[in-house]
Amino acid sequence: MRLLDPPPSFRRASSGNWRRARTGTIAVLAAASLVLAACGADADDSAGSGDGKTLKLWHYEGATSAMGVAWAEAIKQFEASHPGVKVQFEEKGFEQIRQNAGMILNSDEAPDIMEYNKGNATAGLLSKQGLLTDLSEEAGKRGWDKIGPSLQTTSKYDAEGIMGDGKWYGVPNYAEYVMVYYNKELFTKHNVQVPTTLAEFEAAMDTFTKAGVTPLSVGGAEYPAQQILYELALSKASRSFVDSFQLYKGKVDFKGPEFTYAATTFADWVAKGYIAKNSAGIKAEDMGVAFTQGKFPMVISGSWWYGRFVSDAKFQWGTFLFPGNTLHPGSGGNIWVVPKNAKNKSLAYDFIDITMKPEIQNLLGNSGGVPVLADPATITDAKSKELIDNFDKVTSTDGLAFYPDWPAPGYYDVLVAGTQHLINGTKSPDAVLDEIAKPYNDNLTSLGK
Amino acid sequence: MNRALRPAVLATLTVLVLLVLSPFALVAVNAVKSPDEYATDGPLSLPNGLYLKGLADFWIRVDFGEKLFNSFVIAFSVAVLAVVVSVLNAYALGIGRVRGRSAFLVFFLLANLLPQEALVYPLYYLSKEVGLYNTQLAVVVIFTAIQSAFGTYLLSSVFATFPREMLEAAAIDGAGKVRTLWRVVVPISWPSLSVLFTFFFIWTWNEFFLPLIFLISNDKQTVPVALGVLQGDRMMDATTTSASALLGILPAILFFLIFQRTLSRGVMSGAIK
């Protein structure tokens with residue numbers, strides 16, 4: 001047991017007892033039980049004693065990402081405005097939080113504040129299990145509810161853990177949305193203008209294919225392909241379609257105009273060579289690298305790539321919203337949650353409040369993120385300005401339509417398989433629609449809707 | 001061997017070795033590449049120069065020295081304890097021939113076949129109950145049990161073929177059960193035990209899932225768990241990930257080189273003497 005890198009309290013508790021332990025077996029047993037007790041006590045201590053002196057904070061954003069930069073500054077400001085309080089920050093792995101959140105939050109090891117994934121299967125589930133603190137009162141009092149309505153969707157969960165309505169369980173600091181990134185040098189070389197309608201977009205892609213260039217870099221093995229499919233469905237959709245599909249407020253007809261158009265157009269784009277046949281096996285990472293290598297003129301993906309392209313792409317590039325759409329895949333980003341077992345909740349509320357302050361929000365914006373409460377006038381970085389201006393266009397029409405894999409557990413894999421069939425041509429659009437309709441409707445039945 | 005066949009076999013083996021080594025080469029190449037180079041030339045290009053900042057950054061970011069120490073402490077404790085437990089169990093089952101020993105062996109085999117995912121919740125509640133959640137002791141106890149289940153199964157069959165004459169000779173010389181174990185059985189089966197020790201050490205070192213669940217605080221985590229910190233929700237940093245992978249496999253390669261003579265002696269050695 002001495003091999004176990006004894007914690008300080010263990011060393012204190014045991015050193016005296018070990019000496020006496022030589023005198024007899026009973027003393028040895030007593031010492032052993034003390035050791036166990038000390039280990040146990042240590043587990044309790046490290047969770048923070050609720051003395052208002054430490055804020056145990058976990059998040060899983062890289063230190064150089066927009067969020068990492070903004071939150072590091074927020075920690076500094078928090079410590080400045082709370083003298084005597086120490087922020088105990090630990091950078092966590094996404095996988096660890098994904099696997100463990102329920103177990104950690106149900107124990108004494110829970111942090112005071114934590115970044116967590118938004119959505120029914122994550123934050124919704126934990127709120128339903130009673131592991132998160134209701135933030136409704138704080139949100140109203142401190143003005144966190146000033147963020148846009150579609151951003152609030154992922155903050156509020158009802159008694160069943162379904163997002164959209166109910167109590168506040170999380171606060172997003174940033175947002176994300178899907179757009180088209182384009183290589184300006186390739187556009188100039190092939191004499192292509194930035195398209196503003198879907199027809200122009202298809203004409204532009206035609207120009208590239210005629211010149212022997214595949215226009216879209218697509219990662220068919222992961223999320224990117226399904227987001228293109230969803231963009232196409234949204235081009236024919238209204239807000240009520242999104243409410244039905246994502247929030248179960250009505251019936252979704254997978255053979256209706258939206259999805260029929262999406263699947264047939266997607267298959268058409270493959271047939272015309274806009275999407276390469278081999279992209280069914282491409283991962284998102286390789287899709288992005290192929291774009292930074294200048295092999296493809298365009299990639300349709302989310303704002304999470306922005307910072308990466310700013311630092312990695314060695315050519316002139318820009319972005320535009322998916323032409324013709326008013327609805328775009330996107331949502332509030334990951335949220336701050338305060339676990340039910342948090343020891344210093346009021347400090348956690350103060351910290352969230354600091355991250356929502358204009359300085360931190362603007363810093364997030366200037367570092368390549370999409371802030372939720374920034375003042376666009378103070379965004380000085382030219383590249384960031386383009387990103388945030390486009391986001392303002394999306395939110396001004398309440399145009400965030402979330403992601404296609406959200407409505408049902410395990411739906412991500414269903415959509416990956418479906419789009420792979422479309423890319424490989426192994427199933428007709430009609431058959432693919434049947435394939436993706438079934439798990440969706442099964443989930444509705446299990447929810448009793 | 002047939003002279004004509006020789007070049008063909010050699011060529012096939014060379015290709016196989018290259019295939020096995022290619023992932024390591026890819027990791028090594030990308031670990032010393034700068035992010036800029038990766039973005040412009042892709043993962044398959046050779047680096048222009050040696051870029052060690054990724055390795056250094058990762059080491060500092062996760063405090064890798066601390067993780068190495070944690071992993072070493074856990075793997076070493078488990079290896080020692082599991083071998084001791086395995087020997088004691090196998091002595092009773094293989095040599096002592098206690099009643100119902102095949103039932104015991106089937107039980108240990110089943111314990112081995114259980115996926116760790118099935119054990120997670122019971123172990124989580126138990127460890128929380130006794131105050132061992134988020135302690136390295138919990139991981140040591142759990143892996144001692146898991147590894148010694150395999151060790152018991154294996155050593156029991158080794159001990160079952162232990163020469164009876166040897167045991168009878170020891171008994172005639174007046175050795176009791178305990179003395180026979182430590183003075184006769186353990187020295188003779190030492191090669192098997194050291195192989196088991198090596199296996200337990202490497203297996204425990206490479207464990208990811210249970211340490212991920214039980215070691216919550218960063219300062220208690222092991223090397224494989226620390227590597228997981230780099231995998232984001234949607235983003236990965238390929239060069240730093242390669243750097244971390246390189247740092248992660250180096251110790252395993254090192255152990256293999258140190259222990260390879262023990263390993264090549266084979267698990268079953270010492271069974272027949």
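Residues numbered from 1 in each chain as written. Chains lettered and ligands numbered in written order. Predicted model: local features only at pLDDT ≥ 70, side-chain atom pairs only at ≥ 80, totals over all residues.

*Asks:* Hey, could you go over the overall build of chain B for me, with residue numbers and the actual values?
*Replies:* Summing up its helical and strand segments, chain B has 13 helices and zero strands in all. In sequence order, chain B lays out its α and β elements as α-α-α-α-α-α-α-α-α-α-α-α-α. For a compact globule of 273 residues, the expected C-alpha radius of gyration is about 19 Å, and chain B comes in at 23 Å, more than 25% above that figure. Seen along its three principal axes, the alpha-carbon backbone of chain B occupies a region of about 75 × 65 × 30 Å. The proportion of buried residues among the 273 residues of chain B is 35%. Excluding contacts between residues fewer than 6 apart, the proportion of contacts in chain B whose partners are at least 24 apart in sequence is 78%. (Helix = DSSP H or I, 4+ residues; strand = E, 2+ residues; numbered from the N terminus. Rg over C-alpha atoms; globule rule 2.2 N^0.38 Å. Buried ≥ 20, exposed ≤ 12 C-beta atoms within 10 Å, placed from the backbone. Contact = placed C-beta atoms within 7 Å.)

*Asks:* Let's hear about the domain arrangement of chain A: which residues, and what values?
*Replies:* Residues and elements named next belong to chain A. Partitioning chain A into structural domains gives domain 1 (54–173 + 333–374) and domain 2 (176–331 + 401–447). Spacing between the C-alpha centres of domain 1 and domain 2 amounts to 30 Å. With eleven residues of domain 1 in contact, the opposing surface of domain 2 contributes nine residues. In terms of residue class, the side of domain 1 that touches domain 2 is built from three nonpolar, seven polar and one charged. (Domains from an automatic or database assignment. Nonpolar A, V, L, I, M, F, W, Y, C, P; charged D, E, K, R; others polar.)

*Asks:* Report on the interface of chain A and chain B, specifying residues and quantitative values.
*Replies:* Facing 31 residues of chain A, the contacting portion of chain B comprises 34 residues. Among the secondary structure elements, those contributing two or more residues to the side of chain A that touches chain B are α2 (25–45), β2 (86–91), α4 (94–105), α13 (284–292) and α14 (306–312) of chain A. Examining the composition of the side of chain A that touches chain B, we find that seven residues originate from one element, α4(A), more than from any other.

*Asks:* Residues and numbers for unusual backbone geometry, please.
*Replies:* For A:Y248, which is not a glycine, the phi torsion comes out positive at approximately 60 degrees. Inspection of the secondary structure puts A:Y248 in the loop between α11 (239–247) and α12 (257–271). Look at A:Y248 and you get partly exposed, because 16 C-beta atoms sit within 10 Å. Although it is not a glycine, B:D63 sits at a positive phi angle of roughly 50 degrees. In this fold, B:D63 is placed in the loop between α3 (53–62) and α4 (64–95). Judged by the 15 C-beta atoms lying within 10 Å of it, B:D63 falls in the partly exposed class.

*Asks:* Can you lay out the confidence of the model for chain B for me, pointing to particular residues and giving the numbers?
*Replies:* Residues and elements named next belong to chain B. Looking at chain B as a whole, the pLDDT averages 86, with 94% of positions reaching at least 70. Ranking the helices and strands of chain B by mean pLDDT puts α4 first, with 94, and helix α2 (residues 35–41) last, with 80. Predicted complex, confidence summary: ipTM 0.76, pTM 0.78. (pLDDT = per-residue confidence, 0-100.)

*Asks:* I'd love a proper account of the UniProt feature "transmembrane region" (unreviewed entry) in chain B, names of residues and values included.
*Replies:* All names here are of chain B. UniProt records the feature "transmembrane region" (unreviewed entry) for residues 68–91, 103–125, 137–160, 181–205 and 241–259 in the present numbering. Split by type, residues 103–125 is 91% helix and 0% strand. Its first and last C-alpha atoms lie 28 Å apart. For residues 241–259, helix accounts for 100% and strand for 0%, while the C-alpha atoms at its two ends are 28 Å apart. (UniProt positions renumbered as here; feature names shortened; annotations may be inferred.)

*Asks:* I'd like a rundown of the sheet that holds strand β1 (residues 54–59) of chain A, residues and numbers included.
*Replies:* Strand pairing in a sheet relies on backbone hydrogen bonds, with the paired strands running either antiparallel or parallel. Reading across from one edge, β2-β1-β3-β12-β6 (chain A) is the order of the five strands in this open sheet, with mixed pairing throughout. Two strands close off the open sheet at either side, each with one partner strand: β2 and β6 (171–172) of chain A. (Pairing = 2+ DSSP bridges.)

*Asks:* A description of helix α9 (residues 198–210) of chain A should follow, citing residues and the corresponding values.
*Replies:* Residue and element names in this part refer to chain A. Given a rise of 1.5 Å per residue, 13 residues ought to cover 18 Å, and the 18 Å separating the end C-alpha atoms of α9 matches this to within 8%. All of the buried residues in α9 are F201, A204, M205 and F208. Take α9 and look down its axis: the buried residues cluster within an arc of 95 degrees, on one side only. For α9, exposure combined with an orientation more than 90 degrees from the buried face picks out A199 and K210. (Expected span 1.5 Å × (residues − 1). Arc of directions from axis to C-beta.)

*Asks:* Tell me about the pairing of strand β7 (residues 174–183) of chain A, residues and numbers included.
*Replies:* Residues and elements named next belong to chain A. In terms of burial, β7 is a largely internal element, ten of the ten residues being buried. With burial as the criterion, each face of β7 is covered, one bearing Y174, E176, V178, V180 and Y182 and the other bearing A175, Y177, M179, Y181 and N183. Pairing between β7 and strand β13 (residues 370–371): two bridges, direction antiparallel. Across the sheet, Y174 pairs through a bridge with P371, a residue of β13. Here β7 runs beside strand β9 (residues 298–302); their pairing, made up of five bridges, is antiparallel. Residue M179 lies in a different strand from β9, and its bridge partner there is S301. Taken together, the four bridges between β7 and strand β10 (residues 317–320) define a ladder with antiparallel strand orientation.

*Asks:* For the packing of α12(A) against helix α19 (residues 429–447) of chain A, give the residues involved together with the corresponding values.
*Replies:* All names here are of chain A. Running from N to C, α12 and α19 point in directions that differ by 130 degrees, and their axes come no closer than 9 Å. One way to sum up the angle between α12 and α19 is to call them oblique. Crossing geometry of α12 relative to α19 is assigned as right-handed. Packed against α12, whose contacting residues are F259, T260, A263, T264 and A267, the element α19 presents P429, V432 and L433 at the interface. For the contact of α12 with α19, the per-class residue count stands at six nonpolar, two polar and no charged. (Axes fitted to C-alpha atoms, helices over the stretch in contact; angles between N-to-C directions. Parallel < 35°, antiparallel > 145°, perpendicular 65-115°, else oblique. Left-handed = near helix turned anticlockwise from the far one by under 90°.)

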